[in-house]
Amino acid sequence: MALPNKLQQTLLPSELNHIAENTLIGILPRQSLDPITFIGLKTPRLRPLQKAQVPLWFACILKEKSKCSIVPPTWLQESELQSVYDEEVRHADRFSPRLPWHWMEVSAILLRVARDDLESPGHVIRGLLRDIREVRQAKARQGLQQLNDAHMRMDGLGALEINEIRPFVGGVMDQLRELVATVPVREEEIEEDEDEF
């Protein structure tokens, strides 16, 4: 399939979802299961009601077969999300570091597959995630206004958030570098630089 130029420079959201499925997540098995060896991964021995850490994709398979309950990560609890939202609103100059790298992808998968395992109703969690996303998008747009040819600092963004702005930022920074390279250097600046040595 031929992709548009802007999508060739970055990963597709479906590809990021696939990568995020390797995130380890806690489960409570409902039955025993011997370890399974996959390419590059061996699952732990699963015993009923003993918490275990497995990749998200494996947890989803077990959940769909009613062989486990998924233990939602602490950052996906209503109180924690509300706290992250409040922090995002309070600090307009930085992003909260309390969300994991794949927070958007993992939360979407868990809301789809394990809604019944969440402590709060799905619509409440989904609303808080949407509010956090909107605040963070506004901050990212504000940060793009402060771009320069040397660097851009937006610590705390997730994979999907960076992926969304990457094509734009890369193009703008390239153009800024070209513009800075064409600006002639004044003689006074050269003399000041020589005086420093």
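Summarised in this report is the structure supplied together with it. Sequence order sets the numbering: in each chain, residues are counted from 1 along the sequence as written. The predicted origin of the model limits local features to residues at a pLDDT of at least 70 and limits the giving and counting of side-chain atom pairs to 80 or more, whereas totals for whole chains, interfaces and linings rest on all residues. As a rule here, side-chain values cover all heavy atoms of the structure and leave hydrogens and water aside.

Let's shift gears to the overall build of the protein chain. Each helix and strand counted, the protein chain has eight helices and five strands in total. Helix numbering and strand numbering both begin at the N terminus, where a helix is a DSSP run of H or I of at least 4 residues and a strand a DSSP run of E of at least 2. Its helices and strands in sequence order give the protein chain the pattern α-α-β-β-β-β-α-β-α-α-α-α-α, from N to C terminus. For the protein chain, with 197 residues in total, the buried portion stands at 35%. Look at the contacts in the protein chain between residues 6 or more apart in sequence, and 65% of them connect residues 24 or more apart. A total accessible area of about 12600 Å² is found for the protein chain, and carbon and sulfur atoms account for 52% of it. When accessible area is computed with a 1.4 Å probe and restricted to protein chains, residues below 20% of their type maximum are described as buried, those above 50% as exposed, and intermediate ones as partly exposed. Note on contacts: a residue pair qualifies if any of its non-hydrogen atoms lie within 4.5 Å across the two residues. To be clear on the numbers: accessible area is Shrake-Rupley with a 1.4 Å probe, and residue cover counts the displayed protein chains and nothing else.

Our next topic: the sheet that holds strand β1 (residues 24–29). Ordered by their spatial adjacency, three strands build an open sheet running β4-β1-β5, and the pairing between neighbours is antiparallel. What marks the edges here is a single partner per strand, and that holds for β4 (52–55) and β5 (68–71). Strand-to-strand twist in this sheet, taken as the mean axis angle between neighbours without regard to direction, amounts to 45°. Note: two strands are recorded as paired if DSSP finds a minimum of 2 bridges between them. Sheet topology note: the β1/β5 ladder contains four bridges and is antiparallel. In the strand pairing of β5, G26 is matched with V71. Comment: axis = line fitted to C-alpha atoms, over the contacting stretch for helices; angle = value between 0 and 180 degrees taken between N-to-C directions.

To continue, consider the pattern of salt bridges. Counted as salt bridges are all cases of a side-chain nitrogen of Lys or Arg within 4 Å of a carboxyl oxygen of Asp or Glu. If you walk through the whole model with that rule in mind, you get nine salt bridges. Here E80 makes a salt bridge to R98, at a shortest N to O gap of 2.9 Å. Taken as a pair, E80 in helix α4 (residues 78–90) and R98 in the loop between α4 and α5 (103–113) lie far apart in primary sequence, 18 residues in all. Taking the relative accessible area as the measure of exposure, E80 reaches 24% and is therefore partly exposed. Here K139 and E88 are joined by a salt bridge, their closest N and O atoms 2.6 Å apart. Here the residue K139 occupies a position in helix α6 (residues 122–144), and E88 occupies one in helix α4, the gap between them amounting to 51 residues.

Below, the discussion takes up unusual backbone geometry. Of note, the phi angle at L49 is positive, near 60°, even though the residue is not glycine. Positive phi outside glycine occurs at S66, with the angle close to 60°. Mapping S66 onto the fold places it in the loop between α3 (56–64) and β5.

On to α3, then. Looking only at α3, the buried set comprises L56, F58, A59, C60, L62 and K63. Among the structural elements, α2 (13–20), β1, β2 (37–38), β4, β5 and α5 are those in contact with the buried residues of α3. Remark: S66 follows α3 within two positions and exhibits a positive phi of approximately 60°.

Attention shifts here to the packing of aromatic side chains. Pairing of aromatic side chains requires ring centres within 6.5 Å, counting the rings of Phe and Tyr and the six-membered ring of Trp. Pairs whose planes differ by under 30 degrees are stacked, by over 60 edge-to-face, and all others tilted. What the rule picks out here adds up to three aromatic pairs. Seen from their ring centres, F38 and W57 are 5.1 Å apart, and the 75° between their planes marks the pair as edge-to-face. Of the two residues, F38 is situated in strand β2 and W57 in helix α3; the sequence distance between them amounts to 19 residues. Residue F38 is classed as partly exposed on the basis of its relative accessible area of 30%. On the basis of relative accessibility, which here comes to 24%, the residue W57 falls in the partly exposed class. An aromatic cluster is defined as three or more aromatic residues linked by ring pairs; in this entry it consists of F38, W57 and F58. Counted as over-ring charges are cases with an Arg CZ or a Lys NZ within 6 Å of the ring centre that also lie within 35 degrees of the ring normal. The ring of F95 is capped by K139, whose NZ or CZ atom sits 5.6 Å from the centre of that ring.

The next point concerns the environment of R115. Tracing the chain through its elements places R115 in the loop between α5 and α6. Note: C-alpha distance between R115 and I125 (10 residues apart in sequence) is 9.6 Å. Excluding residues within four positions of it along the chain, R115 makes contact with L110, G122 and R126.

In this section: the pairing of β1. By the bridge criterion, four bridges tie β1 to β4 in an arrangement that is antiparallel. Directly across from L24, in β4, lies its bridge partner P55.

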